[in-house]
Amino acid sequence: MMASRALGIGAALRQSALAPRTLRNNAVMRNVVARRSVTTNSLPPSAADSILNEQRLKRPNSPHFTIYQPQLTWVGSIANRVTGVGLSVLLYGFSIAYLIAPGTFDSTHVIEAVQTLPESVKYAGKFILAAPFSYHAINGLRHLAWDSGKFLSVKGAYSTGYAVLGATAVSSVILTLIK
Amino acid sequence: MSTSLLVRSTLPRALAHRAILPRNNSTLKHAYVPGGPIPKGSANDATTFPPPSPTHGSYHWVFERSLSAALIPLTAAAFVTSGSNFPIVDNLLGLSLVIHSHLGFNQAVVDYLHTRKFPVIGRIATWGLRTLTAATLIGVYQFNANNIGLTELIAKVWTA
């Protein structure tokens, strides 16, 4: 009988009211009423969605990429995307700038502007352009190898990944030193 | 006071048999009737999937990878030749690079700004990208036609 006891203020009142006279205790009812008076709002049924959305906004996110251990696999992957986006932003930027203002961005002006820079800045600039280009191109070869079904294992991914890093370093140095 | 509370507490049980009677429209939109239709349009709906389409699926993949593979000999040729002597290489390279960049940007937009989660910004990003790609194609063509060309520019700036 204890296991089937119902919960709630209504059930509590029913129980104390319908219990035998000897068990009915005004103090119990006084305690139930005084301790558990709550106020209620009247909401339309459509409020269920807005309440749910508000609750979902307050829920915490579990930490993911702030705590994920850096690994060659995913760091290499996001580096491929970042280098690709960076190089493309350069291409798009220059092309649209030339389209809008062909007088300021034509080849003679650009070459002149680069010629006036000091040597160290020129070498730094060349390295900053050569490294992402080399990485993206060589990692692209790695992606095409995966698309052909090769090196599709953890060992394969890591060995090709290290090979890409080595080749990128060599290629960047060679490209930077082209005079 | 206790009597009225008692009456009100037993009222739900007395009215329970009335729950199956049809209510007004506002509750019918959201109340689930056993065996009846499940209303859609709330935050609890399962996510929808795009309809299967080879154009956006396997054909897109094949085109993207073929273009990436074609860029390898094209870039090698650009390194070896001078752009002004071989305008065909310049124009092909410009076209292929811009399309390759567009496909890459599109992947980033779909990954980070999907219209399912970002209905306004996602659409702005998608159409903004298409506009910028069109402008870039025109700019690249103009540069190759009226100026020294992409490969020549990179060669001259690199050795300036």
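Residues numbered from 1 in each chain as written. Chains lettered and ligands numbered in written order. Predicted model: local features only at pLDDT ≥ 70, side-chain atom pairs only at ≥ 80, totals over all residues. Heavy atoms only, no water.

1. A closer look at the UniProt feature "binding site: heme b" (unreviewed entry) in chain B
Here is step 1 of the chain: Mapped onto the present numbering, the UniProt feature "binding site: heme b" (unreviewed entry) falls on His100 of chain B.
Here is step 2 of the chain: The topology assignment puts His100 of chain B in helix H4 (residues 87–112).
Here is step 3 of the chain: Given the relative accessible area of 23%, His100 of chain B is considered partly exposed.
Here is step 4 of the chain: Among all residues touching His100 of chain B, those that are not within four sequence positions of it are His136 of chain A together with Leu67, Ser68 and Leu71 of chain B. (UniProt positions renumbered as here; feature names shortened; annotations may be inferred. Helix = DSSP H or I, 4+ residues; strand = E, 2+ residues; numbered from the N terminus. Buried < 20%, exposed > 50% of the residue type's maximum accessible area, 1.4 Å probe, protein only. Contact = heavy atoms within 4.5 Å.)

2. What about unusual backbone geometry?
Here is step 1 of the chain: Within the chain, Phe151 of chain A stands out as a residue other than glycine whose phi angle is a positive 60 degrees.
Here is step 2 of the chain: With respect to the secondary-structure elements, Phe151 of chain A resides in the loop between helix H6 (119–147) and helix H7 (154–176).

3. With respect to the packing of H4 of chain B against helix H5 (residues 119–146) of chain B
Residue and element names in this part refer to chain B.
Here is step 1 of the chain: The geometry of H4 relative to H5 is characterised by a closest axis approach of 10 Å and an angle of 165 degrees between their N-to-C directions. Here H5 runs roughly antiparallel to H4, going by the angle between their axes. Considering only the axes of H4 and H5, their crossing is right-handed. Residues Asp90, Asn91, Gly94, Leu95, Val98, His102, Phe105, Asn106 and Val109 of H4 pack against Ala125, Thr126, Leu129, Arg130, Thr133, Thr136, Leu137, Val140 and Asn144 of H5. (Axes fitted to C-alpha atoms, helices over the stretch in contact; angles between N-to-C directions. Parallel < 35°, antiparallel > 145°, perpendicular 65-115°, else oblique. Left-handed = near helix turned anticlockwise from the far one by under 90°.)

4. Topic: the interface of chain A and chain B
Here is step 1 of the chain: Contacts between chain A and chain B engage 44 residues on the former and 49 residues on the latter.
Here is step 2 of the chain: Between chain A and chain B, a total of about 3,800 Å² is buried, with carbon and sulfur atoms accounting for 72% of that surface.
Here is step 3 of the chain: The salt bridge involving Arg65 of chain B is made with Asp147 of chain A; its shortest N-O contact spans 2.7 Å.
Here is step 4 of the chain: Counting residues per element, the side of chain A that touches chain B draws most heavily on helix H4 (residues 72–100) of chain A, which supplies 12 residues.
Here is step 5 of the chain: Across the side of chain A that touches chain B, the residue classes tally to 26 nonpolar, 9 polar and 9 charged. (Buried area = accessible area lost by both parts, 1.4 Å probe. Salt bridge = Lys/Arg side-chain N within 4 Å of Asp/Glu carboxyl O. Nonpolar A, V, L, I, M, F, W, Y, C, P; charged D, E, K, R; others polar.)

5. Things to note about the side chain of Ser171 of chain A
Here is step 1 of the chain: If you trace the backbone, Ser171 of chain A turns up in helix H7.
Here is step 2 of the chain: Relative accessible area serves as the criterion here: at 19%, Ser171 of chain A is assigned to the buried category.

6. Re the packing of aromatic side chains
Here is step 1 of the chain: This model, assessed by the stated rule, comprises 6 aromatic pairs over all chains.
Here is step 2 of the chain: Where Phe94 of chain A meets Phe143 of chain B, the ring centres are 5.2 Å apart and the plane angle is 80 degrees; that geometry is what we call edge-to-face. You can see Phe94 of chain A sitting in helix H4 and its partner Phe143 of chain B sitting in helix H5, one on each of two chains.
Here is step 3 of the chain: With a centroid separation of 4.9 Å and 90 degrees between ring planes, the pair formed by Tyr98 of chain A and Phe143 of chain B is classed as edge-to-face. Separated into two different chains, Tyr98 of chain A in helix H4 and Phe143 of chain B in helix H5 make up a pair that spans both.
Here is step 4 of the chain: Among the residues examined, Tyr98 of chain A registers a relative accessible area of 6% and is labelled buried.
Here is step 5 of the chain: On the accessibility criterion, Phe143 of chain B (1% relative accessible area) is buried.
Here is step 6 of the chain: Feature note: the residues Phe94 and Tyr98 of chain A together with Phe143 of chain B constitute an aromatic cluster, connected by ring pairs.
Here is step 7 of the chain: We note Arg130 of chain B situated over the ring of Trp127 of chain B; from NZ or CZ to the ring centre the distance is 4.5 Å. (Phe/Tyr/Trp six-rings, centres within 6.5 Å; stacked < 30°, edge-to-face > 60°. Lys NZ or Arg CZ within 6 Å of the ring centre and 35° of its normal.)

7. Let's talk about the UniProt feature "binding site: a ubiquinone" (unreviewed entry) in chain B
Here is step 1 of the chain: Mapped onto this numbering, the UniProt entry gives "binding site: a ubiquinone" (unreviewed entry) at Tyr112 of chain B.
Here is step 2 of the chain: Positionally, Tyr112 of chain B belongs in helix H4.
Here is step 3 of the chain: Ignoring sequence-local partners within four residues, the contact set of Tyr112 of chain B consists of Ile78 and Arg81 of chain A together with Phe118 of chain B.
Here is step 4 of the chain: Side chain to side chain, Tyr112 of chain B and Arg81 of chain A meet in a polar contact 3.0 Å long. (Polar contact = N/O pair within 3.5 Å; in protein donor to acceptor, adjacent residues only side chain to side chain.)

8. Topic: H7 of chain A
Here is step 1 of the chain: Here H7 of chain A contains 23 residues, and its C-alpha end-to-end distance of 33 Å stays within 8% of the 33 Å for a straight helix at 1.5 Å per residue.
Here is step 2 of the chain: Listed in full, the buried residues belonging to H7 of chain A are Gly156, Ala157, Thr160, Gly161, Val164, Thr168, Ser171, Ser172, Leu175 and Thr176 of chain A. (Expected span 1.5 Å × (residues − 1).)

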